[in-house]
Amino acid sequence: MSETYDRGAVEDFGRWREFQPGMWAWIFHKFTGWVLVGYLFTHIAVLSTATANDPTVYTNTLQGLEELLVVRVLEVGLLSVAVFHILNGVRLLFVDLGFGLENQDKSFYASLVVTAAIVVASVPTFLAGV
């Protein structure tokens with residue numbers, strides 16, 4: 001006969017509603033880090049196949065990708081991921097150095113606002129395909 005154990009809040013999937021801004025910052029930072037690592041490997045794979053013996057293959061590949069609207073939208077997403085990851089990393093650096101320990105929530109929100117401002121300002125350029 002098996003016994004059951006109460007594992008507490010570990011299996012409570014509704015806990016995300018109780019997360020503080022610091023936990024969201026940690027989750028977003030990890031997520032954006034993994035997205036950037038995935039992009040790095042994809043970028044290397046595309047460039048290594050596009051730089052075959054013929055240099056025009058590389059140019060044609062990049063021009064073909066830039067013509068696709070979905071690629072431009074993904075570039076906006078990449079920009080937002082990279083900017084947030086950088087700003088949150090700088091925020092974490094200051095926190096680790098002891099600056100802004102009491103204002104971590106405000107600095108997290110500030111990094112979100114600055115990221116949104118940079119991305120919104122950059123959207124016309126990316127979508128125009130310039």
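Everything that follows concerns the structure shown earlier in this document.
Notes on the structure follow. (Residues numbered from 1 in each chain as written. Predicted model: local features only at pLDDT ≥ 70, side-chain atom pairs only at ≥ 80, totals over all residues. Heavy atoms only, no water.)

1. A look at helix H4 (residues 104-128)
Selection rule: Where helices and strands are cited, they refer to DSSP runs of H or I of at least four residues and of E of at least two residues respectively, numbered from the N terminus. Each helix should span, by expectation, one fewer than its residue count multiplied by 1.5 Å. For a residue, the bend is simply the angle between two axes, fitted respectively to the seven-residue segment ending there and the seven-residue segment starting there. Here the term buried applies to any residue with accessible area under 20% of the maximum for its type, exposed to any over 50%, and partly exposed to those in between, with areas from a 1.4 Å probe on protein chains only.
Relative to the 36 Å expected for 25 residues at 1.5 Å per residue, H4 spans 37 Å between its end C-alpha atoms, a close match to the ideal helical length. The sharpest bend along H4 reaches about 40° and sits at Ser122, with the proline Pro124 one to four residues further on. Within H4, burial applies to Phe108, Ser111, Thr115, Val119 and Ser122.

2. Digging into helix H3 (residues 69-96)
So the rule is basically this: Between two residues, a contact is recorded if the distance between any of their heavy atoms is within 4.5 Å.
Its 28 residues give H3 an end-to-end C-alpha distance of 40 Å, which sits within 8% of 40 Å, the value for a rise of 1.5 Å per residue. What H3 keeps buried is the set Val71, Arg72, Val76, Leu79, Val81, Val83, Phe84, Asn88, Arg91 and Val95. Buried-residue contacts for H3 involve helix H1 (21-50), helix H2 (55-66) and H4. Gly98 lies just past H3 and shows a positive phi near 100°.

3. Quick look at the environment of Ala116
By secondary structure assignment, the location of Ala116 is in helix H4. Residues Ala116 and Ser80, spaced 36 residues apart in sequence, show a C-alpha to C-alpha distance of 7.5 Å.

4. Observations regarding the side chain of Arg91
Note the threshold: Lys and Arg are tallied as positive, Asp and Glu as negative. Neither His nor the chain termini are counted. One speaks of a salt bridge when a side-chain nitrogen belonging to Lys or Arg is within 4 Å of a carboxyl oxygen belonging to Asp or Glu.
Inspection of the secondary structure puts Arg91 in helix H3. We note that Arg91 is buried and unpaired, the nearest opposite charge coming from Asp105 at a distance of 6.8 Å. Not counting residues up to four positions away in its chain, the partners in contact with Arg91 are Ala25, Gln104, Ser107 and Phe108.

5. Things to note about the packing of aromatic side chains
Inclusion rule: Here the aromatic set is Phe, Tyr and Trp, taking the six-membered ring for Trp, and pairing holds for ring centres within 6.5 Å; pairs whose planes are under 30 degrees apart are stacked, those over 60 apart are edge-to-face, and all others are tilted.
Per the stated rule, a full pass over the model turns up 6 aromatic pairs. With a centroid separation of 5.8 Å and 35° between ring planes, the pair formed by Trp24 and Phe28 is classed as tilted. In this pair, Trp24 and Phe28 both sit in helix H1, 4 residues apart, roughly one turn of the helix. Measuring from centroid to centroid gives 6.1 Å for Phe28 and Phe84, while their planes differ by 80°, and the two rings are edge-to-face. With Phe28 in helix H1 and Phe84 in helix H3, the pair connects residues that are 56 residues apart, well separated along the chain. An aromatic cluster is present here, built from Trp24, Phe28, Phe84, Phe108 and Tyr109 joined pairwise through their rings.

The values are spatial; any link to function lies outside them.
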